[in-house]
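# What the coordinates show
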Amino acid sequence: MKDKFWQELSLSEMTRAQWESLCDGCGRCCLHKIEDEDTNEIYFTDVACRYLDEETCQCPHYGVRQSKVPDCLTIYPNWGKKFLWLPTTCAYRLLSENKPLFDWHPLISGDVNSVHLAGISVRGRTYRDCKFAS
Ligand code: SF4
Ligand code: SF4
């Protein structure tokens, strides 16, 4: 791998393009979650945001997503404890915890499909959230 910027830069030092490339496209953050009020533990459900493309695991409205889903989050380098809202496989969370990326991450494998082939993405595993369906 010619440019392992994620090993050399902190999250806050990355360019916008480097930051965006950390997303492996798993779609896990687009699943509805439940937080235990007492322990603050986060549980992921199998119910996806109604906008998530179940095949590509991408958001078709990424650039304007908050106009569609107001509480859809934007991840920031200084998120602190909020990184715990992300799955343990997520590159943003891993790097915030000073952990390495997995071999199936597209930045390492060089293949955008490796996240699906490794069984990490939510492809074929979700139920549709019809709460806001028109
Ligand atoms: S969980 Fe992380 S890596 Fe996966 S889609 Fe969301 S932001 Fe990207
Ligand atoms: S609006 Fe897009 S990015 Fe936000 S949760 Fe839904 S599918 Fe995911």
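Residues numbered from 1 in each chain as written. Chains lettered and ligands numbered in written order. Predicted model: local features only at pLDDT ≥ 70, side-chain atom pairs only at ≥ 80, totals over all residues. Heavy atoms only, no water.

The chain appears in an unreviewed UniProt entry as UPF0260 protein YcgN from Bathymodiolus thermophilus thioautotrophic gill symbiont.

What follows deals with the pairing of strand E1 (residues 31–35). By the bridge criterion, 4 bridges tie E1 to strand E2 (residues 42–48) in an arrangement that is antiparallel. Counted as the bridge partner of Glu35 is Ile42 from E2. Taking the residues that link successive antiparallel strands as the turn, the E1-E2 hairpin has 6 residues, and the phi of Asn40 there is positive, at about 65°. (Pairing = 2+ DSSP bridges. Helix = DSSP H or I, 4+ residues; strand = E, 2+ residues; numbered from the N terminus.)

Let us look at the side chain of Thr89. Residue position: Thr89 is located in the loop between helix H3 (65–68) and helix H4 (91–96). Thr89 gets classed as buried once you look at its relative accessible area, which sits at 10%. Side chain to side chain, Thr89 and Arg28 meet in a polar contact 3.3 Å long. The residues touching Thr89, leaving out its near neighbours within four places in the chain, are Asp24, Arg28, Leu94, Phe102, Trp104 and Ile120. (Buried < 20%, exposed > 50% of the residue type's maximum accessible area, 1.4 Å probe, protein only. Polar contact = N/O pair within 3.5 Å; in protein donor to acceptor, adjacent residues only side chain to side chain. Contact = heavy atoms within 4.5 Å.)

Turning next to the site of ligand 1. Near ligand 1 the following residues occur: Cys23, Asp24, Cys26, Gly27, Cys29, Ile75, Pro87, Cys90 and Tyr92. When atom positions are compared with the pocket grids, ligand 1 is found to occupy the largest pocket. (Near = heavy atom within 4 Å. 1 Å grid on protein atoms, 1.4 Å probe; cavity = no way out; pocket = protein on both sides within 12 Å on 5 of 7 lines; lining within 4 Å. Sits in = over half its atoms within 2 Å of the grid points.)

Bringing the layout of surface pockets into the picture now. In this structure, the largest pocket encloses a volume near 1,400 Å³. For the largest pocket, the lining is made up of 50 residues, of which Cys29, Cys30, Arg65, Cys72 and Leu73 are closest to its centre. Elements that contribute at least two residues to the lining of the largest pocket include exactly helix H2 (16–21), E1, H3 and H4. With 5 residues, the single largest contributor to the lining of the largest pocket is E1. Considering only residue class, the lining of the largest pocket consists of 31 nonpolar, 8 polar and 11 charged. (Points joined across faces, edges and corners; volume = space filled by probe spheres on them. Nonpolar A, V, L, I, M, F, W, Y, C, P; charged D, E, K, R; others polar.)

This next bit is on the environment of Trp6. Looking at the element boundaries, Trp6 is found in helix H1 (residues 5–8). A residue is classified by how much of its surface remains accessible, and Trp6, at 6% relative accessible area, is buried. C-alpha separation for the pair Trp6 and Leu22, spaced 16 residues apart in sequence, amounts to 8.1 Å.

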